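Structural features, examined
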There are 2 protein chains.
Amino acid sequence: MYPNRNLFEKYITKDEIELIHEYTLKILSEVGVIIESDAAAEVFKKNGARVEGHKIFIDEALLKKGLSTVPKEFDIYSPSGKLTLGESAPTICAGPVAPTTIQDFENNTYRPANLKDVEQYYILQETSKVISMPTHSCQNTDDLDKSGDDFHTPQAAMGLKYCQKPIYQGNTITPINYKKGSLIEANRRLVKLHREFYDIWDKPVTMSNCCVLSPLAIGAEVADTIIGAVQENQPVIIISCSMTNLTCPPTLASAIVQDNANILAGIVLTQLINPGVGAVYGSVTSPTDMRNVQLATGAPEAVLMQMGLVAMGRYYNLPVRSGVSATTAVDLDFQCGAESMMTLMTGMLGKTDFILNAAGAYGGYNLGSLENFVLDEENIAYLKRVNQGLDITEDKLYFDLIKKTGPRGNYLKGRTPKDYRMENYFPNIFIREGGSPADVIEKNGNLVARARSVVNERLESYELPDVTTTQKKLLNEYLPEGYKYDL
Amino acid sequence: MYPNRNLFEKYITKDEIELIHEYTLKILSEVGVIIESDAAAEVFKKNGARVEGHKIFIDEALLKKGLSTVPKEFDIYSPSGKLTLGESAPTICAGPVAPTTIQDFENNTYRPANLKDVEQYYILQETSKVISMPTHSCQNTDDLDKSGDDFHTPQAAMGLKYCQKPIYQGNTITPINYKKGSLIEANRRLVKLHREFYDIWDKPVTMSNCCVLSPLAIGAEVADTIIGAVQENQPVIIISCSMTNLTCPPTLASAIVQDNANILAGIVLTQLINPGVGAVYGSVTSPTDMRNVQLATGAPEAVLMQMGLVAMGRYYNLPVRSGVSATTAVDLDFQCGAESMMTLMTGMLGKTDFILNAAGAYGGYNLGSLENFVLDEENIAYLKRVNQGLDITEDKLYFDLIKKTGPRGNYLKGRTPKDYRMENYFPNIFIREGGSPADVIEKNGNLVARARSVVNERLESYELPDVTTTQKKLLNEYLPEGYKYDL
């Protein structure tokens, strides 16, 4: 179905994969992984693992046991229906998490993100043909009321208000945004809110982002996210975002092996708590640019490390998440397009199962704009088309037409054939007109203007999902001021 | 050596390749190819082919014979040394041929190209770390004296003056730019000029671009280029640039099969004239965007057709050329970076043997700027790095350091390790700084300004190759006014 699912085979051999696996076992059994959670340590202890405080050690038998129950595929439900993650389904793309700064083209400035941006990012994700799982973009904006003991749920409620597609929990619950007690319970309550709002009670209704803490650790908040989510039978993604020579050793190979151990520890935890719960193996690890000690999210070495980690995930038969549409460019320029396209390749051409930050972020994840969102959508559509591959059958070879037309003949006759229309993707922002470049720009506007016009159309034609008064009341308990439903 | 040389295997199966081959034989034997040359028809006739006027038919035996003598690899010589094209060598990238319009950022305008642009494109190609074969960019500029009976050689002489790297003949000799008689002889004279200037007499010293005329034809001028070049034992590239639904049928598959037949006819011609001469199989075929009947050079379908044709070239064990850094964007914007990066993938990740227009052209080949040239160089360097792949050995896994550092440790200590420096490519135009985007731009300038600064450094530090008075006199016979050597 997806011919390029094993694209990684062109980058890493079976023997190299086995070597990484072998050293991963050494790391897991000799070095260990710190999981900052008593509950997690207890789970490992109960399953016979060596545990020293929060440091857990996993031997080959326990690893096998943990991996044996991970489903290759699972479904997530929401008012828009069922979304499948796994081998038989298309790559699930999700929007950006981080952007805290917005490039404001209208005023030619960069400014802090606000709740209006959160709303608009949700609307673009909900109306997107290529983003199938919206996430909360622009976390903890300046205009969000942070005086209460829970400013996480108000942000989650925004997603439920604007989207019918299932929502990805990219925004971790922490002691800062949630002061009401146990974070495990907070994660369970978050799932219950989705269930109640959707009136879907017995199925996965969301998925949570669980980023490990390199080197070889899982932080307290993330451990609580994993535990809370899987206790509620919700899938999670265990993801690494290491930086070479900083949070992992200097080489790409060493980053892969260390990340692999760290991610697997998280996957095993999910299965020891709830065997069979959905768990995805992922990485957006990137090199550090040592000239300024910055994460080089758009670097070619990021592609290679992520390709290597995709290979490891596939080796363990796990659903796989990869990066990303990532770049350190701070404008919608050539670099932004080039790096975003290159980094998307790993996931879109390798047909991984999930891509976060697939559209709408640049500047090393921290910068965003709606114009960037719709431009990234074009990149995704392009690579989706490439991933569909060639359709080579006798029919499609058109031998009879070639014979009839003959050398120096012309194929431009009559109506455009259905086969042509079926096989081609037509961008609506990227320009393809001929003639004088100045005239083309005069007529169509520059790229940012064309992107803006697409954004405006989407925002203007968007309508809030139709929900009941009960649903409105439920969300109004949480929605930020100014974003509550009128009752 | 190059792990991704067969990247095409992820896009086309062995059976599909065989099917295309089978129908290619039907086209070659039943439909035929028009080669607008009495000499070429005569060559085919002598070799037992069915020939009707200029239409030649090739059966399986003749195809096999023609393909059997093509070298898998060959060398081209120039004052800079030996350049190898083929399986064991890196991809040869060449500059752009067409740009007739220049985006002039200093004056914020688009203007016709001139001879100064020709000179500067040559200098950038000669000083490039990633372009190893310069070509004549900006053909037939307005300020070129076209009153004489030969304004092709003056343009070729410019390349010899500014470059020591071997030069690619992207500019076909035609009855318009050469009115002194036989074009076959003109092509032979062109080779001789290189030989004399280089004082290299018995080896390939250049390579010529031979674009077939879809559907299923080779035009008179290109036929003469092939004949003249191979008679002088110089390698040629037979290349297709078809447009779906216009010069080939509507589907991608039909474009591949028709192009394959057309290209093979050209390859066979080279070998029937001079068995063993270097001949490269290539395609930059792209879809037509039927909304405005324009060649969509940056489209995903272009990647797919070119990937399919790379597969066919590899099937016949031929050296292979692929596209391109191509885009229909008319500014150095997100689209320009994204499409240029995507279309380069076919060649750079598939490690084809030659890429023309690898840097410096956009706007469907017709638009150029030196700023674009150096930005494309970054894309090439990125994909070269990806193509180098991962280095996964026990040493590089750094197990001992991982064990010593342990969970939650820190790897940023002392001097940056050699392994890190060896494994990472550091762009010098693409930005990777952190902090406020406005500050980053304030400090470094925007992308076009950074590109311009790299261009200026290269132009300012360039020095003309040191040549003898005899060499200067030889070129002065041809060089345009204003570009002759002072003697």
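Reading the values: rules and limits
Residues numbered from 1 in each chain as written. Chains lettered and ligands numbered in written order. Predicted model: local features only at pLDDT ≥ 70, side-chain atom pairs only at ≥ 80, totals over all residues. Heavy atoms only, no water. Buried < 20%, exposed > 50% of the residue type's maximum accessible area, 1.4 Å probe, protein only. Helix = DSSP H or I, 4+ residues; strand = E, 2+ residues; numbered from the N terminus. Contact = heavy atoms within 4.5 Å. Buried area = accessible area lost by both parts, 1.4 Å probe. Salt bridge = Lys/Arg side-chain N within 4 Å of Asp/Glu carboxyl O. Polar contact = N/O pair within 3.5 Å; in protein donor to acceptor, adjacent residues only side chain to side chain. Nonpolar A, V, L, I, M, F, W, Y, C, P; charged D, E, K, R; others polar. Pairing = 2+ DSSP bridges. Axes fitted to C-alpha atoms, helices over the stretch in contact; angles between N-to-C directions. Parallel < 35°, antiparallel > 145°, perpendicular 65-115°, else oblique. Left-handed = near helix turned anticlockwise from the far one by under 90°. Least-squares fit on C-alpha atoms with pLDDT ≥ 70 in both. Expected span 1.5 Å × (residues − 1). Phe/Tyr/Trp six-rings, centres within 6.5 Å; stacked < 30°, edge-to-face > 60°.

This brings us to helix H5 (residues 153-162) of chain B. Residues and elements named next belong to chain B. Of all 10 residues in H5, 10 are buried, a share of seventy percent or more. Those residues of H5 not exposed but buried are Thr153, Pro154, Gln155, Ala156, Ala157, Met158, Gly159, Leu160, Lys161 and Tyr162. Looking at the packing, one finds that the buried side of H5 touches helix H4 (115-126), strand E9 (167-169), helix H6 (183-198) and helix H17 (469-476).

Another aspect to go through is the interface of chain A and chain B. Interfaces are often described in size by the accessible area the parts lose on coming together. Facing the 123 residues of chain A at the interface are 123 residues of chain B. Carbon and sulfur atoms make up 70% of the area that chain A and chain B hide from each other, which totals about 10,700 Å². Summed over the shared surface of chain A and chain B, the number is 10 salt bridges. Here aspartate 289 of chain B and arginine 432 of chain A are joined by a salt bridge, their closest N and O atoms 3.0 Å apart. The tally of links between chain A and chain B comes to 37 residue pairs in polar contact (both at pLDDT 80 or more). The element best represented in the side of chain A that touches chain B is helix H10 (residues 334-349) of chain A, accounting for 11 residues. Partitioning the side of chain A that touches chain B into residue classes produces 70 nonpolar, 29 polar and 24 charged.

Another point: the sheet that holds strand E3 (residues 55-57) of chain A. Residue and element names in this part refer to chain A. The strand order across the open sheet formed by 4 strands is E2-E3-E1-E11, and the pairing between neighbours is mixed. The open sheet has two edge strands with one neighbour each: strand E2 (50-52) and strand E11 (217-218). Across 2 bridges, strand E1 (residues 33-35) lies against E3 in antiparallel orientation. Its bridge partner lying in E3, valine 33 is registered against isoleucine 56.

What follows is about the sheet that holds strand E1 (residues 33-35) of chain B. Residue and element names in this part refer to chain B. Read from one edge of the open sheet, 4 strands run E2-E3-E1-E11, paired in mixed fashion. The open sheet is flanked by strand E2 (50-52) and strand E11 (217-218), the only strands paired with a single partner. Of the strands in this sheet, E1, E2 and strand E3 (55-57) touch helix H2 (residues 38-46), which is tilted by about 150 degrees from E2.

This next bit is on the packing of helix H10 (residues 334-349) of chain B against helix H11 (residues 370-388) of chain B. Residues and elements named next belong to chain B. The N-to-C vectors of H10 and H11 enclose an angle of 45 degrees; their axes lie 10 Å apart at closest approach. In terms of axis orientation, H10 runs oblique to H11. Viewed along their axes, H10 and H11 form a crossing whose handedness is right-handed. In this structure, H10 contributes Cys336, Gly337, Ser340, Met341, Leu344, Met345, Met348 and Leu349 to the contact, and H11 contributes Asn372, Asp376, Asn379, Ile380, Tyr382, Leu383, Lys384, Val386 and Asn387. Classifying every residue of the contact of H10 with H11 gives 10 nonpolar, 5 polar and 2 charged.

Okay, the relation of the copies chain A and chain B next. Superposing chain A onto chain B takes a rotation of 180 degrees plus a shift of 0.0 Å along the axis, which leaves an RMSD of 0.0 Å. Here the transformation between the copies is reduced to the relation of a two-fold axis. Interface overlap between copies is the fraction of interface residues in one copy that are interface residues in the other; for chain A against chain B it reaches 100%, indicating a shared surface.

All names here are of chain B. For helix H1 (residues 14-31), spanning 18 residues, the distance from its first C-alpha to its last is 25 Å, which sits close to the expected 26 Å at 1.5 Å a residue. Among the residues of H1, Glu16, Ile17, Leu19, Ile20, His21, Tyr23, Thr24, Leu25, Ile27, Leu28 and Val31 are the ones counted as buried. Two residues or fewer past H1, glycine 32 is found with a positive phi of approximately 85 degrees.

Turning next to the environment of threonine 327 of chain B. Residues and elements named next belong to chain B. Looking at the secondary structure, you find threonine 327 in the loop between strand E16 (320-322) and H10. The spatial distance from the C-alpha of threonine 327 to the C-alpha of glutamine 103 is 15 Å, given a sequence separation of 224 residues. Engagement of the side chain of threonine 327 in a polar contact is seen with the backbone nitrogen of alanine 329, the distance being 2.9 Å.

Moving on, we get to the packing of aromatic side chains. Summed over the entire model, instances satisfying the criterion amount to 20 aromatic pairs over all chains. Judged by centre distance (5.9 Å) and plane angle (85 degrees), the rings of tyrosine 382 of chain A and tyrosine 425 of chain A are edge-to-face. Taken together, the residues span a long stretch of sequence, with tyrosine 382 of chain A in helix H11 (residues 370-388) and tyrosine 425 of chain A in the loop between helix H14 (418-423) and helix H15 (437-444) at a distance of 43 residues. Overall, the relative accessible area of 0% leaves tyrosine 382 of chain A in the buried class. Measuring from centroid to centroid gives 4.7 Å for tyrosine 168 of chain B and phenylalanine 354 of chain B, while their planes differ by 40 degrees, and the two rings are tilted.

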